[in-house]
Amino acid sequence: MNSNMAEQQAEFTKGQEPDPVTAGFQADANAQRLRFQKSEDMELVRLAAKLTREHSQHDGRIYWTDFLGSALLGYAAMLGAMLAGNIFLILAFGVVSVLALYRAGSFIHEISHMKKNSVRGFKWGWNLFIGVPLMMPSFMYEGVHNLHHNKTRYGTEKDPEYLPLALMKPWTVPLFVMVAALAPIALLLRYAVLTPLSFLIPPLRTIVVERYSGLVINPIFRRKMPEGEARRDWLLLEGATSLWAIGLISLTSLSIIPLGYFLTYLVILSVSVVINQVRTLVAHLWENEGEPMSVTAQYLDSVNVPPPATLPELWAPVGLRYHALHHLLPSIPYHELGKAHRKLVETLPSHSPYWAANYKGLPGLVTRLVKSTFGTHNV
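Residues numbered from 1 in each chain as written. Predicted model: local features only at pLDDT ≥ 70, side-chain atom pairs only at ≥ 80, totals over all residues. Heavy atoms only, no water.

Visitor: Describe the overall build of the protein chain, and please don't skip the residues or the numbers.
Guide: A count of helical and extended segments in the protein chain gives 18 helices and zero strands. Looking at the protein chain residue by residue over its 379 residues, the buried ones come to 50%. Nonlocal contacts in the protein chain, meaning residues at least 24 apart in sequence, comprise 73% of its contacts between residues at least 6 apart. As presented, the protein chain carries roughly 17,700 Å² of accessible surface, and 66% of it is formed by carbon and sulfur atoms. (Helix = DSSP H or I, 4+ residues; strand = E, 2+ residues; numbered from the N terminus. Buried < 20%, exposed > 50% of the residue type's maximum accessible area, 1.4 Å probe, protein only. Contact = heavy atoms within 4.5 Å. Areas by Shrake-Rupley, 256 points an atom, 1.4 Å probe, with all protein chains shown as cover.)

Visitor: Describe the environment of tyrosine 322, with residues and values.
Guide: If you trace the backbone, tyrosine 322 turns up in the loop between helix H15 (312–315) and helix H16 (323–328). Sequence spacing of tyrosine 322 and alanine 340 is 18 residues, and the spatial spacing of their C-alpha atoms is 9.9 Å. Excluding residues that lie within four positions of it along the chain, tyrosine 322 makes contacts with Val303, Asn304, Pro306, Pro307, Leu337, Gly338 and His341.

Visitor: Quick one: what's the story with the packing of aromatic side chains, residue by residue and with numbers?
Guide: The relative placement of two aromatic rings is captured by the distance of their centres and the angle of their planes. One pass over the full model with this rule turns up 14 aromatic pairs. A ring pair is formed by phenylalanine 67 and phenylalanine 122, whose centres lie 5.4 Å apart and whose planes are at 70°; its orientation type is edge-to-face. On the criterion of sequence distance, the pair formed by phenylalanine 67 in helix H4 (residues 60–83) and phenylalanine 122 in helix H7 (residues 122–131) is long-range, its members being 55 residues apart. For the ring pair tyrosine 299 and tyrosine 354, a centre distance of 5.3 Å and an interplane angle of 15° mean the geometry is stacked. Pair noted here: tyrosine 299 is in helix H14 (residues 295–300) and tyrosine 354 is in the loop between helix H17 (337–347) and helix H18 (362–373), with a separation of 55 residues, a long-range link. Look at tyrosine 354 and you get buried, because its relative accessible area is 1%. Ring pairs connect the aromatic residues Tyr63, Trp64, Phe67, Phe107, Phe122 and Tyr334, which therefore count as one cluster. (Phe/Tyr/Trp six-rings, centres within 6.5 Å; stacked < 30°, edge-to-face > 60°.)

Visitor: Summarise H7; cite the residues concerned and give the values.
Guide: Across the 10 residues of H7, seven count as buried, placing the element largely inside the fold. Residues of H7 that are buried: Phe122, Lys123, Gly125, Trp126, Asn127, Ile130 and Gly131. Those residues of H7 hidden inside the fold are in contact with H4, helix H5 (87–105), helix H6 (107–113) and helix H12 (228–253).

Visitor: Account for the packing of H7 against H12, with residues named and values stated.
Guide: Running from N to C, H7 and H12 cross one another at 20°; their axes reach a closest spacing of 11 Å. Taken together, the axis directions place H7 and H12 in an arrangement best described as roughly parallel. In this structure, H7 crosses over H12, and the sense of that crossing is right-handed. Residue-level contacts link Lys123, Trp124 and Asn127 of H7 to Asp233, Leu236 and Leu237 of H12. Taken together, the residues of the contact of H7 with H12 sort by class into three nonpolar, one polar and two charged. (Axes fitted to C-alpha atoms, helices over the stretch in contact; angles between N-to-C directions. Parallel < 35°, antiparallel > 145°, perpendicular 65-115°, else oblique. Left-handed = near helix turned anticlockwise from the far one by under 90°. Nonpolar A, V, L, I, M, F, W, Y, C, P; charged D, E, K, R; others polar.)

Visitor: So, the side chain of arginine 205: which residues are in play, and what are the values?
Guide: In this structure, arginine 205 sits in helix H11 (residues 202–211). Among the polar contacts made by the side chain of arginine 205, one reaches the side chain of glutamate 238 at a distance of 2.7 Å. The contact partners of arginine 205, leaving out residues within four places of it in the chain, are Ser198, Phe199, Met225, Trp234, Leu235 and Glu238. (Polar contact = N/O pair within 3.5 Å; in protein donor to acceptor, adjacent residues only side chain to side chain.)

Visitor: Can you explain a nonpolar patch on the surface? Please cite residues and give values.
Guide: Together, Leu189, Val193, Leu197, Leu200 and Ile201 make up a nonpolar patch on the protein surface, roughly 440 Å² of accessible area in all. Looking at the secondary structure, you find valine 193 in helix H10 (residues 183–198). (Patch = residues over 30% accessible without salt bridge, like charges linked within 9 Å, V, L, I, M, F, W, Y side chains within 5 Å. Salt bridge = Lys/Arg side-chain N within 4 Å of Asp/Glu carboxyl O.)

Structure, rendered in structure tokens:
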């Protein structure tokens, strides 16, 4: 590691907010992104391709252990919250349940990038324990998230997961988060009511498929029903989730499931979704105005929150703390991203744009976004 890079790394590890543009590169982060709007940093792209080969193997033991452990802890804590008679115990169990189920649910991101049988049976195991019970089956992300990684779609109106939030009105940021709190109600409506009705009313089916079958933030995005095996999986998972949602409502209305238990389930799910929505707020800088971007520019519009920060393991689990690196190397499984990051840090020179996407933590990123909505982009 050269001396300049060592000094930059030392500054970061002291806990200071890293300058979004490293010394010796450019003084302005926006100018830096414009520089690579169309062109690429070939050294970064070359090393990224090399790392993809060296860190692309999915370790099934890590996936199953991490996922099942998180799911088991989350449901056990949820049961504890339902049964506890003390408000402090309810809150304690609730926090544990939220964080554990949020981590288990975050594996939907990994599933969307997995090749078939990368981890045998994992997709169906995830749907059995998380996707169906939490009313977020994997088809809601599969076939959608991949479009976000399409080089010609990222940051454009064809990207289902992008909005220029930093360039929008200040009220859009809190509204973006608050809407997420209503997700459990929306999911119950989608699966308990709209799903069965949509199979009886073809025009409604078109609306359900296009607008209510993806975890997206772009309101103009319209989804298409897949074909073949993907269509079969979709219909199977949609049917199972519909039966689950109808069962929950029916059993609660008959008092077989106590109303308090049902509400606890909804609140835990709601808080988990809100945390994910906050994470989404800082996954990118959201400053692109719809123009196609190079891979380097897409990386610079994304965010890493690497060590020494520790809290990102809670609010950006399963590799999501390396979101910028993930856009550079989308095929790398979550358990290899930390290794890839360390290798890039040790290998790339101080003038590399890789340094520009590394940030200290959540507060500074949220502050940056909020200031951007007021027209001030400096933090």
